[in-house]
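Coordinate analysis (summary)
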Amino acid sequence: MKYLGSMGSRIKCKCGELVYTNLFSGHNVYRLILDSEYDAFPRPADDDAFSRLLLSGKEAFRCTACKRLIVFWEKGRDGRPTFYSEEPLDETQPD
Ligand SMILES: [Zn+2]
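An account of the accompanying structure is given in this report. Just so it is clear, the model here is predicted, and its values are computed rather than measured. (Residues numbered from 1 in each chain as written. Predicted model: local features only at pLDDT ≥ 70, side-chain atom pairs only at ≥ 80, totals over all residues.)

Attention now goes to the sheet that holds strand β4 (residues 58-62). One open sheet holds the four strands; their spatial order is β3-β4-β5-β6, and the pairing between them is antiparallel. Both outer strands of the open sheet, β3 (29-32) and β6 (82-84), are each paired with one neighbouring strand and no more. Within the sheet, the average angular offset between the axes of one strand and its neighbour, ignoring direction, is 25°. Looking at chain direction, β4 and strand β5 (residues 69-72) are connected through four bridges and run antiparallel. From the neighbouring strand, Arg62 faces β5, where its bridge partner is Leu69. (Pairing = 2+ DSSP bridges. Helix = DSSP H or I, 4+ residues; strand = E, 2+ residues; numbered from the N terminus. Axes fitted to C-alpha atoms, helices over the stretch in contact; angles between N-to-C directions.)

This part takes up unusual backbone geometry. In the segment running from Arg43 into Pro44, the intervening peptide bond is cis, with an omega of 0°. Looking at where Pro44 falls in the secondary structure, it is placed in the loop between α1 (35-39) and α2 (47-55). The residue Lys67 is not glycine, and still its phi comes out positive at about 70°. Following the sequence through the fold, Lys67 ends up in the loop between β4 and β5. Positive phi is not limited to glycine here, since Lys75 has a value of about 60°. Note on placement: Lys75 falls in the loop between β5 and β6.

Here it is as structure tokens:
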């Protein structure tokens, strides 16, 4: 199943909300890069090279309704997204 196919620039969250995935459309679009990639990035940073690093990161989107994080870990948008829901902190556990 293609998750974006006919919906174009939206993905259906598990809560039913349609989440926009267009990079230029919103504030709920994220790119995940490894901290080690960031650390290894040459300084001073070249803007174009830094943009390429960010664009090579995994795509993630946050549902505006339920706040789930939707991440495409493998194969970009051709792959299956993973949904992460917020879980309250258990205040009874020691730090
Ligand atoms: Zn949702």
